[in-house]
Amino acid sequence: MFRMEFEKLIDNIMDSYQTLGGINRSGAENLPNRANVVSALSDLQALIFPGFKYDEQLDSENLRYIVGKHVNRVISILTPEIQKALLRALSQKCEEEDERQLEERAENFKNSHCYKLAQKTVEALIAAIPDLRATIKKDAAAITAGDPAARSLGEVILSYPGLEAIIVYRIAHFLYKAGVPTIPRIMTEHTHGKTGIDIHPGAEIGESFFIDHGTGIVIGETTVIGNNVKLYQGVTLGALSLQKELTDKKRHPTIEDDVIIYSNATILGGQTVIGKGSVIAGNSWIIESVPPGTRN
């Protein structure tokens, strides 16, 4: 009797898969694997600041070996995940084409173009590590210099959630700009869950970016942030409208250089510009531009 009831429960679940979908099947055209992406992200973080992410005994003799190990892991793990993301995006793009065209295009892309493009993208990301490190080092230095509680650069790298969110954003942003779908969001949303800091990988953020405390910060997709900007916890750089037809429009504000935005301020709208050198008070609600040097 129990066996029959058990089988009926399984049948009901299987029926829901048939009617509702939502299955990430194995095969070339399934969605990227989140665990694999997060694993590759950890290796990328270890390449940014070796010895901080993992318990690795680094010295002049083995550093090259350790770096090579992480590079190989990134290539082997991330390349097929990017391939899957590209194939999935291709399938969605072709949904309205007739079946013959879709089959021809999928066949052409499946085993050649998408994999080669994924390879080139991962290689470009690895090649960009020195430049990413230089930019992130400026972010870490800005936090160290600007936070009286920060005792050292090493402490900031080891323990500050704001810097972790920035590191992951900069890696994800590179992939976003390279046209990789889905995976940049997996990366930033994984870190969002850890830190409470939500940075869309499409945002454009300048050098020496300083997130203080960080919990509850939201930075939308089309936000533009200049150099030497400092944000406190709870800041929202968001959109005035959530209409789907605005997807490809600038919906989020522009923050110019040397701006400080204190906790729980909300700044909305694609045409809203916070002028250079302005200081925005906590709990402000801003939907119009403010001139440079504003103190509110």
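In this text, all values refer to a predicted model and were calculated from it rather than measured experimentally.

Any chance you could explain the overall build of the protein chain here in plain terms?
When you go through the protein chain residue by residue, the secondary structure sums to eight helices and 13 strands. Excluding contacts between residues fewer than 6 apart, the proportion of contacts in the protein chain whose partners are at least 24 apart in sequence is 50%. Surface summary for the protein chain: the accessible area is close to 15900 Å², and the carbon and sulfur share equals 53%.

Even after reading the chapter, I still don't get unusual backbone geometry, so can you show me in this structure?
Phi is positive for threonine 182, close to 70°, though the residue is something other than glycine. Overall, threonine 182 belongs to the partly exposed group, its relative accessible area being 36%. Unusually for a residue other than glycine, asparagine 283 sits at a positive phi of about 65°. Within the secondary structure, asparagine 283 is located in the loop between strand 12 (279-280) and strand 13 (285-286).

Could you clarify how one ought to interpret the nonpolar core in this entry?
Nonpolar side chains tend to gather and get buried jointly when the protein is soluble and globular. Ranked by size, the top nonpolar core spans 41 residues in total, and within it Leu78, Ile82, Leu163, Ile183 and Met187 carry the most contacts. When contributions to this core are tallied by element, the ones reaching two or more residues are helix 2 (34-48), helix 3 (63-93), helix 4 (99-127), helix 5 (129-146), helix 6 (153-159), helix 7 (161-177) and helix 8 (183-195). With eight residues, helix 3 is the largest single contributor of residues to this core. Residues within four places of isoleucine 82 in sequence aside, it is in contact with Ala118, Thr121, Val122, Leu175, Val180 and Ile183. Leu231, Ile274, Ile280 and Val290 belong to the second-largest nonpolar core, a separate cluster that totals 25 residues.

Explanation requested: helix 7 in the structure shown.
Counting along an α-helix, one turn takes 3.6 residues, and residues three or four places apart therefore face a common direction. Between its first and last C-alpha, helix 7 extends 24 Å over 17 residues, near the 24 Å set by a 1.5 Å rise per residue. For helix 7, the tally of buried residues reaches 13 of 17 residues, placing the bulk of the element in the interior. Immediately downstream of helix 7, the backbone of glycine 179 shows phi near 90°, a positive value.

Sorry if this is basic, but what is going on with the packing of helix 2 against helix 5 here?
Helix-helix packing is characterised by the crossing angle of the two axes and by the distance between the axes. Contact geometry of helix 2 with helix 5 gives a least axis separation of 9 Å together with a crossing angle of 70°. Taken together, the axes of helix 2 and helix 5 lie roughly perpendicular to each other. In the crossing of helix 2 with helix 5, the sense of the turn from one axis to the other is right-handed. When helix 2 is examined against helix 5, the residues Leu44, Leu47 and Ile48 are found in contact with a partner set consisting of Ile129, Leu132, Arg133 and Ile136.

Quick notes on the rules
Residues numbered from 1 in each chain as written. Predicted model: local features only at pLDDT ≥ 70, side-chain atom pairs only at ≥ 80, totals over all residues. Heavy atoms only, no water. Helix = DSSP H or I, 4+ residues; strand = E, 2+ residues; numbered from the N terminus. Contact = heavy atoms within 4.5 Å. Areas by Shrake-Rupley, 256 points an atom, 1.4 Å probe, with all protein chains shown as cover. Buried < 20%, exposed > 50% of the residue type's maximum accessible area, 1.4 Å probe, protein only. Core = buried A, V, L, I, M, F, W, Y, C linked by side-chain atoms within 4.5 Å. Expected span 1.5 Å × (residues − 1). Axes fitted to C-alpha atoms, helices over the stretch in contact; angles between N-to-C directions. Parallel < 35°, antiparallel > 145°, perpendicular 65-115°, else oblique. Left-handed = near helix turned anticlockwise from the far one by under 90°.

By themselves, these observations are geometric and do not establish any function.
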